[in-house]
Amino acid sequence: MFSSLFGSSEGENGKEEKSCMSVEGGQIQKILEEMSTSEKKALKEFSKLAAEKKYKAGENHPMDTVTFVRFLVANKFNIKKATSQLEETLQFREETNPFKITPKECPIAIRQGTWRFCGFSKTGACVIKILAECWRPGEYTVDEHQNVFLYYMEQALHQTKD
């Protein structure tokens, strides 16, 4: 299930498990069609819970079906774990405001040329090439490393075609 949209691998119990490598808006309809009845029920419950808790959608971080599916898949449709992860993510995003990070906040890492945007996949996902041979993390701080990572991930998330 979802094998064309998510990666899958053999889990600890020998069964195939979904992994939430990426869920983009352009893929959501196919994902919803492939979901089992119990997964659809979990999505409905998680969406209702998010509405009841009045999770605040952050700037450039919507509280929508795509977001809920990403968190549910990442947590094997365990609503409690997905809720906890979503709350931690929202707090982290509020503290770091990743969409406001610019190359000015990670100049050394940007100059190294380790990360590069390479266009879009067939599904519309942003493709980032990472050149390990260019990576010299000892030349910058942990904060700068976090900033460059957040900068590219946030840009990729919001450049992905729906």
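Here the structure is a predicted model, which means the values were calculated and not measured.

**Points about the packing of aromatic side chains**
Counted according to the given criterion, the structure contains five aromatic pairs. Measuring from ring centre to ring centre gives 5.1 Å for phenylalanine 117 and tyrosine 152, while their planes differ by 45 degrees; the resulting arrangement is tilted. Separated by 35 residues along the polypeptide, phenylalanine 117 in strand β3 (residues 115-120) and tyrosine 152 in helix α6 (residues 142-159) bring together distant segments of the chain. When the ring of tyrosine 151 is compared with that of tyrosine 152, the centres are 5.3 Å apart and the planes differ by 80 degrees; the resulting orientation is edge-to-face. Of the two residues examined, tyrosine 151 and tyrosine 152, each falls in the buried class. Put simply, the rings of Trp115, Phe117, Phe149, Tyr151 and Tyr152 pair up and form one aromatic cluster.

**Describing unusual backbone geometry**
Residues apart from glycine generally show negative phi values, whereas peptide bonds are mostly found in trans. Backbone geometry places lysine 54, a non-glycine residue, at a positive phi of 55 degrees. Residue placement: lysine 54 occurs in the loop between α2 (37-53) and α3 (65-74). Phi is positive for phenylalanine 77, close to 65 degrees, though the residue is something other than glycine. Here phenylalanine 77 lies in the loop between α3 and α4 (79-96).

**So, the confidence of the model for the protein chain**
When pLDDT is averaged across the protein chain, the result is 82; 79% of the residues are at 70 or more. Across residues 1-9, where pLDDT falls below 50, the model places 35 contacts with residues more than four positions away in sequence or in other chains. In this model residues 18-22 is a low-confidence stretch, pLDDT under 50, and it forms 19 contacts with partners more than four residues away in sequence or in other chains.

**Here we look at the side chain of threonine 83**
Inspection of the secondary structure puts threonine 83 in helix α4. Discounting residues that sit within four places of it in the chain, threonine 83 has contacts with Phe46, Leu49, Lys53 and Tyr55.

**Some details on the packing of α2 against α4**
Where α2 contacts α4, the two axes come as close as 10 Å, and the packing angle between them is 40 degrees. Between α2 and α4, the angle is such that the two are oblique. Remark: the crossing between α2 and α4 carries right-handed chirality. Contact with α2, carried on its side by Ala42, Glu45, Phe46, Leu49 and Lys53, involves Ile79, Ala82, Thr83, Leu86 and Glu87 of α4 and no other residues of that element.

**Topic: α6**
For α6, built from 18 residues, the straight-helix expectation of 26 Å at 1.5 Å per residue is met to within 8% by its first-to-last C-alpha distance of 26 Å. Buried within α6 we find Glu144, Asn147, Val148, Leu150, Tyr151, Tyr152, Glu154, Gln155 and Ala156.

**Notes on the pairing of β3**
As judged from the four bridges shared by β3 and strand β4 (residues 126-130), these two strands associate in the antiparallel manner. Note on β4: the bridge partner recorded for phenylalanine 120 is cysteine 126. Joining the antiparallel neighbours β3 and β4 is a turn of five residues, in which glycine 124 adopts a positive phi near 95 degrees.

Calculation notes
- Residues numbered from 1 in each chain as written.
- Predicted model: local features only at pLDDT ≥ 70, side-chain atom pairs only at ≥ 80, totals over all residues.
- Heavy atoms only, no water.
- Phe/Tyr/Trp six-rings, centres within 6.5 Å; stacked < 30°, edge-to-face > 60°.
- Helix = DSSP H or I, 4+ residues; strand = E, 2+ residues; numbered from the N terminus.
- Buried < 20%, exposed > 50% of the residue type's maximum accessible area, 1.4 Å probe, protein only.
- pLDDT = per-residue confidence, 0-100.
- Contact = heavy atoms within 4.5 Å.
- Axes fitted to C-alpha atoms, helices over the stretch in contact; angles between N-to-C directions.
- Parallel < 35°, antiparallel > 145°, perpendicular 65-115°, else oblique.
- Left-handed = near helix turned anticlockwise from the far one by under 90°.
- Expected span 1.5 Å × (residues − 1).
- Pairing = 2+ DSSP bridges.

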